[in-house]
Amino acid sequence: MKASTFFIGLAAGAVTSAVAVLYSTPQPGSELRSSVKTASREMRDKLKDVKGKVEDLKESVTDLSEEAKELVPETVQEMKESVADWKRSAEHNKKRLEKEISAIQRALEDLEKSFSAQ
């Protein structure tokens, strides 16, 4: 549902309820006209306020989307670089660990040979 449709419905409901209340109360014609004028002025002011807030919200959403368009690609690029750095680091560590494991296996083989020779 669009925000404008919602606020139009809200305003229409408020005006309808105000008119229904005004017509259901026993008042002389001049007081009723005065009440209707006052209520319509108040509703107009409230509607202007709501429109202003909707415009502010639209502007905030626009600003946020523009900011996101700038920041998201930068963040993605930084994450890609971090992953690439981690992969390089992990590759270096992997090679080092493979060498150490080979050395340990050779040492174990040498120990087995020395025990079997004895």
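Residues numbered from 1 in each chain as written. Predicted model: local features only at pLDDT ≥ 70, side-chain atom pairs only at ≥ 80, totals over all residues. Heavy atoms only, no water.

Participant: Any chance you could explain the overall build of the chain here in plain terms?
Facilitator: Tallying secondary structure elements over the chain gives 2 helices and 0 strands in all. Taking the principal axes of the C-alpha coordinates as reference, the chain spans close to 125 × 30 × 20 Å. Each of the 118 residues in the chain was classed as buried or not, and the buried ones make up 4%. When the accessible surface of the chain is summed, it comes to about 10300 Å², and 60% of that surface belongs to carbon and sulfur atoms. Both charge centroids of the chain, one from 20 positive and one from 21 negative side chains, sit 7 Å from each other. (Helix = DSSP H or I, 4+ residues; strand = E, 2+ residues; numbered from the N terminus. Buried < 20%, exposed > 50% of the residue type's maximum accessible area, 1.4 Å probe, protein only. Areas by Shrake-Rupley, 256 points an atom, 1.4 Å probe, with all protein chains shown as cover. Lys, Arg positive; Asp, Glu negative; His and termini not counted. Charge placed at Lys NZ, Arg CZ, Asp CG, Glu CD.)

Participant: What's the story with the layout of surface pockets in this structure? I'm lost.
Facilitator: It is the rolling of a water-molecule-sized probe over the atoms that shows where space remains empty. Considering only enclosed or pocket space, the largest pocket measures out at about 240 Å³ in volume. The wall of the largest pocket is formed by 16 residues, among which Ala 11, Ala 14, Val 15, Met 43 and Arg 44 lie closest to the centre. Within the residue set of the lining of the largest pocket, elements represented by two or more residues are helix 1 (3–24) and helix 2 (29–117). Here the lining of the largest pocket is composed, by residue class, of 13 nonpolar, 1 polar and 2 charged. (1 Å grid on protein atoms, 1.4 Å probe; cavity = no way out; pocket = protein on both sides within 12 Å on 5 of 7 lines; lining within 4 Å. Points joined across faces, edges and corners; volume = space filled by probe spheres on them. Nonpolar A, V, L, I, M, F, W, Y, C, P; charged D, E, K, R; others polar.)

Participant: Where do I start with the pattern of salt bridges in this structure?
Facilitator: Think of it this way: side chains of opposite charge can pair up when their charged atoms draw near. As enumerated under the stated definition, the model contains 4 salt bridges in all. Close ionic contact of Lys 53 with Asp 49 constitutes a salt bridge, the shortest N to O distance being 3.6 Å. Pair noted here: Lys 53 and Asp 49 are both in helix 2, with a separation of 4 residues, about one helical turn. A relative accessible area of 53% places Lys 53 in the exposed class. (Salt bridge = Lys/Arg side-chain N within 4 Å of Asp/Glu carboxyl O.)

Participant: Just to check I follow, could you spell out a nonpolar patch on the surface for this structure?
Facilitator: On the surface, a nonpolar cluster with roughly 430 Å² of combined accessible area is contributed by Ile 104, Leu 108, Leu 111 and Phe 115. Looking at the secondary structure, you find Leu 108 in helix 2. (Patch = residues over 30% accessible without salt bridge, like charges linked within 9 Å, V, L, I, M, F, W, Y side chains within 5 Å.)

Participant: Looking at this structure, how should I read a positive patch on the surface?
Facilitator: Side chains of Arg 33, Lys 37, Arg 41, Arg 44, Lys 48 and Lys 51 sit close together on the surface and give a patch of like positive charge. Its place among the elements puts Arg 44 in helix 2. Judged by its relative accessible area of 46%, Arg 44 falls in the partly exposed class.

Participant: Could you clarify how one ought to interpret a negative patch on the surface in this entry?
Facilitator: A grouping of Asp 56, Glu 59, Asp 63, Glu 66, Glu 67, Glu 70, Glu 74, Glu 78 and Glu 81 is seen on the molecular surface, where their side chains present a negatively charged patch. Its place among the elements puts Glu 67 in helix 2. Classification of Glu 67 as partly exposed rests on a relative accessible area of 45%.

Note that all results are geometric; they support no functional claim without further evidence.
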